[in-house]
Amino acid sequence: MPRPSKGAFEALRNAYQDRIDFDTPMPLTRGTGEALIADGKLTQSRVRCALAYHTDSPEYLLAVLEQDRRAGLDPAVTEPILDSERAYTKKRVITLFNRFKARIATLLQDIEALHQALGQARKTIRRQTYEMRVMQKNLNRAVSQRQQAEAALRKLTTPPKEKTPVVVRTKKRRTLSVPSTPRHSD
């Protein structure tokens, strides 16, 4: 069985847009695939992959269930749709529906798991943000305390500044006087 291919279908649509209306799916007559291959516009494998894609689409399957006749490359040639073909198509639609339903259920479970993971990630981010704020506050406090300690240590270890001599001028002569400094006992 050929693998359905959207690319092959687009090539088929472009090659036969003047002869087949793919936008409004109409069930194709038996032998349409062989006629397309014989026409030679596309390779056999491209035609089969394109028709597999087209005839497996929900729109085409619903057209088989709803319409009474099939059409081919020649719009004047039609044939009736048999009840056995409708029964097969109905089973195919139910199979596709169940497959889509199962896929949707799986996707909903995946979405729920992602939602829970996102909630957990938000909690983790909030906790880490809080911890970072606390760490920043503690770091700022430690830096401030260190700066205060260093300033206090500098005051204790720095010898007092010596006073610079002051020149006092008198009329008679110049004398140099040094202001007295308190003595520290060691």
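This one's a predicted model, so the numbers in the text were calculated from it and none came from an experiment.

## What about the nonpolar core?
Among the nonpolar cores identified, the biggest contains 18 residues, and Leu-12, Tyr-16, Phe-22, Leu-36 and Leu-51 are the most heavily contacted of them. Counting only elements with at least two residues in this core, the list comes to helix H1 (6-15), helix H3 (44-55) and helix H4 (58-66). If sequence neighbours within four positions are ignored, Leu-51 has contacts with Leu-12, Leu-28, Gly-33 and Leu-36.

## Details of the pattern of salt bridges
Using the criterion set out here, one finds 10 salt bridges in the structure. Among the salt bridges present, the one from Asp-68 reaches Arg-86, with a minimum N-O distance of 3.3 Å. Taken together, the residues Asp-68 in the loop between H4 and strand E1 (69-71) and Arg-86 in helix H5 (residues 83-157) connect sequence positions 18 residues apart. For Asp-68, a relative accessible area of 57% corresponds to the exposed category. Look at Arg-86 and you get buried, because its relative accessible area is 18%. Here the salt bridges share partners, and the residues they tie into one network are Arg-30, Arg-70, Glu-79 and Glu-85.

## A look at the confidence of the model for the protein
In this model, the protein carries an average pLDDT of 86, and 87% of its residues clear a pLDDT of 70 or more. Between the elements of the protein, mean pLDDT differs from a low of 58, seen in strand E4 (residues 174-177), to a high of 93, seen in H5.

## Re the packing of aromatic side chains
Inspection of the entire model under this criterion finds one aromatic pair. Over the ring of Tyr-16 we find Lys-41; its NZ or CZ atom is 4.8 Å from the centre of that ring.

## Details of a nonpolar patch on the surface
Residues Phe-100, Ile-104, Leu-108 and Ile-111 make up a contiguous nonpolar surface patch of about 410 Å² in total accessible area. Turning to its location among the elements, Ile-111 is positioned in helix H5. Since its relative accessible area comes to 52%, Ile-111 is described here as exposed.

Rules behind the numbers
Residues numbered from 1 in each chain as written. Predicted model: local features only at pLDDT ≥ 70, side-chain atom pairs only at ≥ 80, totals over all residues. Heavy atoms only, no water. Core = buried A, V, L, I, M, F, W, Y, C linked by side-chain atoms within 4.5 Å. Buried < 20%, exposed > 50% of the residue type's maximum accessible area, 1.4 Å probe, protein only. Helix = DSSP H or I, 4+ residues; strand = E, 2+ residues; numbered from the N terminus. Contact = heavy atoms within 4.5 Å. Salt bridge = Lys/Arg side-chain N within 4 Å of Asp/Glu carboxyl O. pLDDT = per-residue confidence, 0-100. Phe/Tyr/Trp six-rings, centres within 6.5 Å; stacked < 30°, edge-to-face > 60°. Lys NZ or Arg CZ within 6 Å of the ring centre and 35° of its normal. Patch = residues over 30% accessible without salt bridge, like charges linked within 9 Å, V, L, I, M, F, W, Y side chains within 5 Å. Areas by Shrake-Rupley, 256 points an atom, 1.4 Å probe, with all protein chains shown as cover.

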